[in-house]
Amino acid sequence: MSKPTIMIGKKTYPMTETTKMLEKIGKIWRKNARISLRMQGKVNTGALYDSMPVTVGENQHAYYVNITPQVDYWEFVDKGVQGASRNIFARQSESPFKYGANKTRGLRGAIDKWVRQKGFQFSDKKTGRFMSYDATAFLVSRAIWNRGLKPTFFISDTLKRLKPKAMKWLGLALGEDIANAIRESLSLNKNIEAK
């Protein structure tokens with residue numbers, strides 16, 4: 001991954017203002033994504049919350065900023081997961097993810113861990129006693145498998161809201177970098193001609 005540059009003639013100039021602006025946009029995007037997670041009650045261990053490095057670079061002559069979380073389940077949290085039963089969550093039908101035919105087997109381990117971390121237990125209606133963590137994890141897993149997971153759009157929506165401002169800021173930074181590169185190129189050419 002290379003930092004953004006511009007080429008004038010045969011010389012490459014760093015796009016320092018553009019790089020700074022992309023880093024600033026990435027930090028704002030990450031901050032907004034974290035606020036969204038917290039407001040939706042999706043911060044448990046903090047693994048997802050803390051796993052969003054800001055990456056800036058150039059790819060096929062396009063500059064980019066990215067905050068892809070470093071945990072493997074972030075897309076499920078962002079886009080939601082369709083349940084096996086009829087979809088009950090608004091906008092969830094857009095999710096590309098759906099629970100498979102193996103019922104709750106892959107889901108159960110994560111839910112069991114979550115239930116224990118939260119100290120979360122259902123009570124039995126007949127006896128009034130708390131159910132075991134295993135029984136609670138089973139019921140939660142079955143409900144999620146049937147109903148799905150509601151999307152949070154903590155990455156996608158925060159980017160959509162930030163994009164109009166970010167494009168203006170990037171335009172100004174890009175203009176400044178191009179002007180600086182042209183100035184430096186003209187100065188370099190004058191020095192060559194003088195020799």
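Use the structure listed above.
These numbers come from a predicted model, not from an experiment.

**Some words on the nonpolar core**
Taken as a class, soluble globular proteins show a tendency for nonpolar side chains to be buried jointly.
For step 1, the next point in the chain: Ranked by size, the top nonpolar core spans 19 residues in total, and within it Leu48, Met52, Phe154 and Ile155 carry the most contacts.
For step 2, the next point in the chain: Sorting the residues of this core by element identifies helix 1 (16-39), helix 2 (74-79) and helix 5 (156-194) as the ones contributing at least two each.
For step 3, the next point in the chain: When residues of this core are assigned to their parent elements, the largest contribution, six residues, is made by helix 1.
For step 4, the next point in the chain: Setting aside residues up to four positions removed in sequence, Met52 forms contacts with Arg30, Ala33, Arg34, Leu37, Ile67, Pro69, Phe154 and Ile155.

**What about the packing of aromatic side chains?**
In this description, an aromatic ring pair is defined by two values, namely the gap between the centres and the angle between the planes.
For step 1, the next point in the chain: Applying the stated criterion to the full structure yields one aromatic pair.
For step 2, the next point in the chain: Across the ring face of Tyr49, the terminal group of Arg34 is positioned such that the distance to the ring centre comes to 5.0 Å.
For step 3, the next point in the chain: A cation over an aromatic ring shows up here: Arg38 above the ring of Tyr49, its NZ or CZ 4.9 Å from the ring centre.

**Let's talk about the layout of surface pockets**
For step 1, the next point in the chain: In this model, the second largest pocket occupies a volume close to 250 Å³.
For step 2, the next point in the chain: Along its surface, the second largest pocket is lined by Leu22, Ile25, Trp29, Tyr63, Tyr64, Val65, Leu159, Leu162, Lys163, Ala166, Met167 and Leu170.
For step 3, the next point in the chain: Listed by contribution, the elements that provide at least two residues to the lining of the second largest pocket are helix 1, strand 4 (62-66) and helix 5.
For step 4, the next point in the chain: The element best represented in the lining of the second largest pocket is helix 5, accounting for six residues.

**Some details on the environment of Met7**
For step 1, the next point in the chain: Summarising the element assignment, Met7 is placed in strand 1 (residues 5-8).
For step 2, the next point in the chain: As for Met7 and Ile178, which are separated by 171 residues in sequence, their C-alpha atoms are 9.7 Å apart.

The rules behind these values
Residues numbered from 1 in each chain as written. Predicted model: local features only at pLDDT ≥ 70, side-chain atom pairs only at ≥ 80, totals over all residues. Heavy atoms only, no water. Core = buried A, V, L, I, M, F, W, Y, C linked by side-chain atoms within 4.5 Å. Buried < 20%, exposed > 50% of the residue type's maximum accessible area, 1.4 Å probe, protein only. Helix = DSSP H or I, 4+ residues; strand = E, 2+ residues; numbered from the N terminus. Contact = heavy atoms within 4.5 Å. Phe/Tyr/Trp six-rings, centres within 6.5 Å; stacked < 30°, edge-to-face > 60°. Lys NZ or Arg CZ within 6 Å of the ring centre and 35° of its normal. 1 Å grid on protein atoms, 1.4 Å probe; cavity = no way out; pocket = protein on both sides within 12 Å on 5 of 7 lines; lining within 4 Å. Points joined across faces, edges and corners; volume = space filled by probe spheres on them.

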